[in-house]
Structures are given as structure tokens and as C-alpha cells.
Amino acid sequence: MFDPHVPHVAVIDQRVQESPTIFTLRLQYEDTRVQDAFEFDPGQFNMVTLFGIGEIAISIVNDPLDSHFFDHTIRVVGRVSEGMSKLQPGDHVGIRGPFGRGWPMEQIKGRDILLITGGLGCAPLVSVIRYLMRRRDDYGRISILQGVKHADDLIWKEQYSVWSAEKDVRVLLAADVATQSWQGQQGMVTELIAQLPLRPQRTVALLCGPELMMLAAVANLREKGVQDGDIWFSMERNMQCGIGQCGHCQIGPKTVCQDGPVFCYDELADFFGAKGF
Amino acid sequence: MNSQDPQVVSRRPGFLTRDALEKLFIVLSQLGYQILGPVVRDGAIQFDTLSAADQLPRGVSNDQQPGHYRLEQGENQRQFDWNHGPQGLKPVCFSPREVLWAEQSNPPVFNPVPPNIEPTAVVGVRACDLAALAIQDRHFLSGSDPDPHYRQRRESLLLIGVDCARSAATCFCASTGDGPALDGGYDIGMAELDEGFLIWRESDKGRTVIDQLDLLPASDAQLETMLQSTTQASLAQQRNLPDCDELLLLYKRLEHAHWDNVAERCLSCGNCTAVCPTCFCYEASHEMSLDGETAQMVRQWDSCFSATHSSMGQYQVRPTVKQRYRQWLTHKLAGWQSQQGRIGCTGCGRCIAWCPVGIDLTAETVAVLEEGSLDV
Ligand code: SF4
Ligand code: SF4
């Protein structure tokens, strides 16, 4: 009988240090049949087990067309992620997944896409940006608003400049604390929304980052005339099973691990921003 | 009259004398079942392994009130005169603590650890707990990833239900539609009378057992007593919940002042979630062996009242008692409706009796739903 609790072994193929606290692992299932059967959507996540220590939910950041591997970008925040940061190519982890509902990439074809991310936890949206760049003709104008606390926190700097050189792509950066060499704006990422020549009827907004930032962004977007059904965001909660069983990740009647992690604002309007949910 | 009553027609029970109850135990053992049934332990009715009918309690009933549970010894010979103790079927199918899988670091491998299960007959199951079992079945088995541990335990069961001929003061199963009469979800049904039992099969699994019992025909008077008992037990209930549509309004009252009122009394001890037959939260954590070579994933019951339940590492989503009680009640009575198509409460009243400070969810619910306090 298939047991959804038991991980499969995956081997680390490559490891990239993205910043002092962020690293990316490129993984491959040891069992090629499992690797061949592995399919996912941008925004979905895996449960990753560090031997003997623990299991955490991490989003998948590569393109779904990459069939021989999958990437996890991980920030050191606790015991398990810290342990994972010490892993090297050839080491193993356990993987269960993919879980959850990702970004509505099919549904939003042809629309202008506005991506807003804040803080360091921007991995779920980076996968979307890469996805869009590979399928540039399927989507309208693309605006990327990225906020960081400190200018030094910005990772993937080169990629942002490559992306901004593309046709109809606008990249705006903001740092709460700017440095001399900082080329973006100083302030909150949500302040950038006002600067955009937005076509609200055509725009779909995809948000990821701290909830307070997303809450402010939702308010700004609604003010600009973006429809509630066109605002999507990725939520984080304590997740232990990934299959809607353990009860930790509930937000009202929804479970983040199954109904999310990507939600439409419509679906969570009663609870988004309500303390305690 | 009775013999035409739809319930009688569907049950078609036979009569078993009190002495002949032993025969049921013998047949169950012969068929290879281990038997779980009620015993008095630590001052409460608990399910434990039994080998003979004379191990069942006799003349034991219970007084249950908010924050209060006491057994009472009477003169009568009844063996199922109690309502229920702190636990029903939940720990039988959803183990309080179990190993899910084992891992080895070199070479790396993860192995399932299936539970060691014997066919088990549970004697004395109540209607509210069968309803709760159906809810847990949906939770653990109906999704795209059914739980193999739960399934194995669940499929090993033969359920022998008993009508409740009386209600405790904390019971309100009539208002949730889950009791006091048995209504599906069991294999063999029983109704206790002074002189013995009416007994019937409800499933094919149950038929194998019933066919070996040499039942006597039930008299009209006995059938009448069976119907009357559960009707009276139902009428005697003192508590109820508002209807389901009204309960959905709990989500519109997230800032009602009464949540603070409950929070002043609630200890966040989690007793209510531990005794609740539908609560399903669990935490899963790694336990490493001393040599560091092997480890196992252990799952244990968790509670939305625990500090770690909503932990995000650096912060908790629900740091306050008010937020935790609100999470529990709104999920149970409102959230569950969209998740499962019914509320997550079967009216057993355990959370009322086993709350150390006597918090009564029926009263708290009504207070939160009171008019004039709708969130704007
Ligand atoms: S309601 Fe009662 S049983 Fe539940 S956590 Fe609060 S004090 Fe404990
Ligand atoms: S909420 Fe209370 S009364 Fe309802 S099923 Fe759970 S323990 Fe029983």
C-alpha cells in the first residue's frame, strides 16, 4: 500500500550558496522511476527530511519542464534548515511531494503579470519569474517589484538585470535600508505600486513574502482597481504532513498544504490579516 | 405500533438473556477477535481487552456535569447503564503515539513501519462515537492520500453498538442528530433491557456472529421498551447546539467580546481536544537512536491549545488562549462544515465533563452568537 508519510531518498547533485544564509540544492531521486514520475507546478512544495533531525516544507523553484532534477532554495531559519545548509553534493535527503496547489499559470495566460515579493522568502515567486521568461509570448506585460530589508539581502542580482532587459518587463527594487551602490528605491516595496502604469483590468498580481507586506499590497492593489479575483498570494503555516491531515496549517476552513499554499484573495478574504488565523 | 415502526423493521432484533451474553464473547473469540470492552479503571469507564462477559461493569452509571465525572454503583444488573468514559473509538483507530517510519543513514533508506494489528471486536460502542468514527474515517481515508495506519486499524474492527437508554447531563447528541439510538456505522446492534438484550446484525460481518447466537424471538413489549428508552433518553437531554447555518456565523464574530471571557477561564490544557472523538491534530517528529545510525518518525496527538501547534519557528500564529479557543470552536462548528459537510461535533459532551474548569461549548457558542455583536 502506498504510504504518503514515507519519504523517498534523493541525492544532492549541486549546491549553490546564494547569500550568507540562503542556499540552493539541486536534487534527484535515487529511484529513477520516482524521478520520472515526478511532476509539479510552480508554487508547489516538497516535504524535505534531514536524516534524523526533521522534516520541513520547501517550495520547488525550478521550471516544471526540467524533468531530471528539482531545486530547493532554502534559508537558514531553524535547526533543520541549518543542518541542511551543511549538506554537500553526494549527500542525501528524504523527499515527499509535491504537495499543494501552485500558481494559476494556465488560467492567467495572456494577462499582465505583477509580481510583488518582500523579505528574503521570495523563492516561490522566482520560480514563476523563470517560468514566465521561458514562455514570454504567453503573457502580457511583466512587472517585478522586489523589496528587501537591507540592500545586501538581495540575491540573484544578475538575474534581475537580465530580466529587466527583456521586452515589456519592468523590475523595481526597494530596500528599507539602502547602501551607496543601491540602484533601487529606499522604502517599502508596496510604495512601488503607486509608480506603476498599471492596467488594472488586465493585471493579475502574484504576491509572496511577509503577511503584513502582502496585506498592504492587497490594499494598494484594490485601490488601484485590481479585482479581488486577480490577486493571488502564497501563504506559510506550520506544515507537518503535507496531505491535509495533521491540522496545523488551517486558516479558517482552508488548509495551506492542500487548498494552498497559493490562494486567491477571494478565497481567504475573511481571514487574511485576521490575527490568530 | 412497535413491530411496524421503521426502526424495528430495519433492526429485526432477537432476544438474548443476560446470561447468554457470554455466548457472544465465546463466538467472538472463536472467530479470532480480540475483544475490547468497557471496564472500570481509575474511576472511569475505559475500553480494555476482555475475555468474558462477567468482566463488564454491573449496575454502574455515571454522573457527568461541567468539569465533573463520577461513576455511581447501583443495585441493578445492567452492564451498559453508563454513557461513555473519556475515550471512545478514537485511540483504537488513531493511535495516541505510533511510529510511522524508520530511517537509516548509511546507506540511506526510509522504511514504513506498519502497525501490528489483530482483528478486534469492540463491545459497547455508542451512537455518538460511531458518528465521530465516520468523521475520522472521512478525515483519514477519503482524501487523495489515505492513511495506511488508520486504515489497517479501522479495517480490523467489528463494532458492537449499544443504544443509550439514558443520557448524562452533558449529552446533546439529539441536537446534533447523532444519537442516542444507534443509526448505522456498526456491525451488530444491541439494546439493553432489564432482563437482557435485544440484538441484531447491521452488516454482513455482523451476521456471521449473530447467526451463531441462538436468539429468542423478541416480544412486542420488548420492542416497545427499546423504542421508548432512546426516546426518553433523547427527551431528557438538557443541552443543545444552534442549527448549522447559525453556527456558520461564528466566523462573522471573530472579535466578539465573549472570546475574552472564555479566555479568562480556559487553561489551554488541551483536555477537550484529547477527549474529543473527532479531534484529529497530530504532530510528527524525529527520534534519533543513541548511536546516531537510525531514527524514526513518531506521530502523536497534538492539540490546537498547545504552544507549538501554530509555531512558525520565530513566532506563533496563535499565541493567546483566546485565539486558541476561538480556533478550536470555530473550526469544530463552522470550518468543519465546508471541509466535511457537517459539524465536527457529535454531542458527546466529553469536552464539557473533562474540562477542569467546566467550560461548556454549547453555552459559549450561544454567547458568541448572541445578537448585537456582529463584526463590522
Ligand atoms: S476549554 Fe477546558 S479543557 Fe479545553 S483547553 Fe480550555 S480549560 Fe482545557
Ligand atoms: S466538541 Fe465536545 S461534545 Fe462535541 S464531539 Fe467533541 S468532545 Fe464531544
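Quick caveat, the model's predicted, so the values are computed rather than measured.

Draft legend 1. Just the site of ligand 2, in detail. Residue and element names in this part refer to chain B. For ligand 2, the set of nearby residues contains 13 residues, the closest of which are Cys276, Cys345, Cys348, Gly349 and Cys351. When residues of the shell around ligand 2 are traced back to their parent elements, those giving at least two are helix H12 (321–340) and helix H13 (350–353). In the shell around ligand 2, the residues fall into eight nonpolar, three polar and two charged.

Draft legend 2. Looking closely at the domain arrangement of chain B. Residue and element names in this part refer to chain B. Each domain of chain B was delimited in the assignment, giving domain 1 (2–95 + 115–235) and domain 2 (244–281 + 302–370). Of note, the centres of domain 1 and domain 2, computed from C-alpha atoms alone, are 28 Å apart. With 29 residues of domain 1 in contact, the opposing surface of domain 2 contributes 27 residues. Approximately 2200 Å² of surface area, both sides summed, lies buried where domain 1 meets domain 2, with 57% of it carried by carbon and sulfur atoms. By the criterion of area lost to domain 2, the three top residues of domain 1 are Lys90, Ile135 and Phe172, representing 26% of everything that side buries. Taken together, domain 1 and domain 2 are joined by two salt bridges. With a closest N to O distance of 2.8 Å, aspartate 129 and arginine 350 form a salt bridge. One can count 20 residue pairs in polar contact (both at pLDDT 80 or more) joining domain 1 with domain 2. Elements with a contribution of two residues or more to the side of domain 1 that touches domain 2: strand S4 (60–65), strand S5 (68–73), helix H4 (127–141) and helix H6 (173–176).

Draft legend 3. Fine view of the side chain of arginine 318 of chain B. Within the element layout of this structure, arginine 318 of chain B appears in the loop between strand S14 (294–301) and H12. Salt bridges are absent for the buried arginine 318 of chain B, whose nearest opposite-charge side chain, aspartate 302 of chain B, sits at 9.1 Å. Here glycine 276 of chain A takes part through its backbone oxygen, which lies 3.2 Å from a polar atom of the side chain of arginine 318 of chain B. Among residues more than four places away in sequence, those in contact with arginine 318 of chain B are His248, Gln250, Gly276 and Phe277 of chain A together with His309, Ser310, Gln323, Arg324 and Gln327 of chain B.

Draft legend 4. Spotlight on the nonpolar core. With 72 residues, the main nonpolar core has Ile116, Leu145, Leu207, Leu221, Phe233 and Met235 of chain A together with Leu159 of chain B as its most contacted residues. Other than its neighbours up to four places away in sequence, leucine 159 of chain B contacts Leu89, Val122, Val125, Leu130, Leu133, Arg154, Gly185, Tyr186, Asp187 and Ile188 of chain B. Counting 35 residues, the second-largest nonpolar core is a separate cluster that includes Met133, Val148, Ile155 and Trp156 of chain A.

Draft legend 5. Local environment of the interface of chain A and chain B. Every contact between the two is made by 42 residues of chain A and, on the other side, 49 residues of chain B. Buried area between chain A and chain B, summed over both chains or domains, comes out near 3600 Å², and the portion from carbon and sulfur atoms is 57%. Our count for the contact surface shared by chain A and chain B stands at one salt bridge. One salt bridge in this structure joins aspartate 270 of chain A and lysine 252 of chain B, with 3.3 Å as the shortest N-O distance.

Calculation notes
- Residues numbered from 1 in each chain as written.
- Chains lettered and ligands numbered in written order.
- Predicted model: local features only at pLDDT ≥ 70, side-chain atom pairs only at ≥ 80, totals over all residues.
- Heavy atoms only, no water.
- Near = heavy atom within 4 Å.
- Helix = DSSP H or I, 4+ residues; strand = E, 2+ residues; numbered from the N terminus.
- Nonpolar A, V, L, I, M, F, W, Y, C, P; charged D, E, K, R; others polar.
- Domains from an automatic or database assignment.
- Contact = heavy atoms within 4.5 Å.
- Buried area = accessible area lost by both parts, 1.4 Å probe.
- Salt bridge = Lys/Arg side-chain N within 4 Å of Asp/Glu carboxyl O.
- Polar contact = N/O pair within 3.5 Å; in protein donor to acceptor, adjacent residues only side chain to side chain.
- Buried < 20%, exposed > 50% of the residue type's maximum accessible area, 1.4 Å probe, protein only.
- Lys, Arg positive; Asp, Glu negative; His and termini not counted.
- Core = buried A, V, L, I, M, F, W, Y, C linked by side-chain atoms within 4.5 Å.

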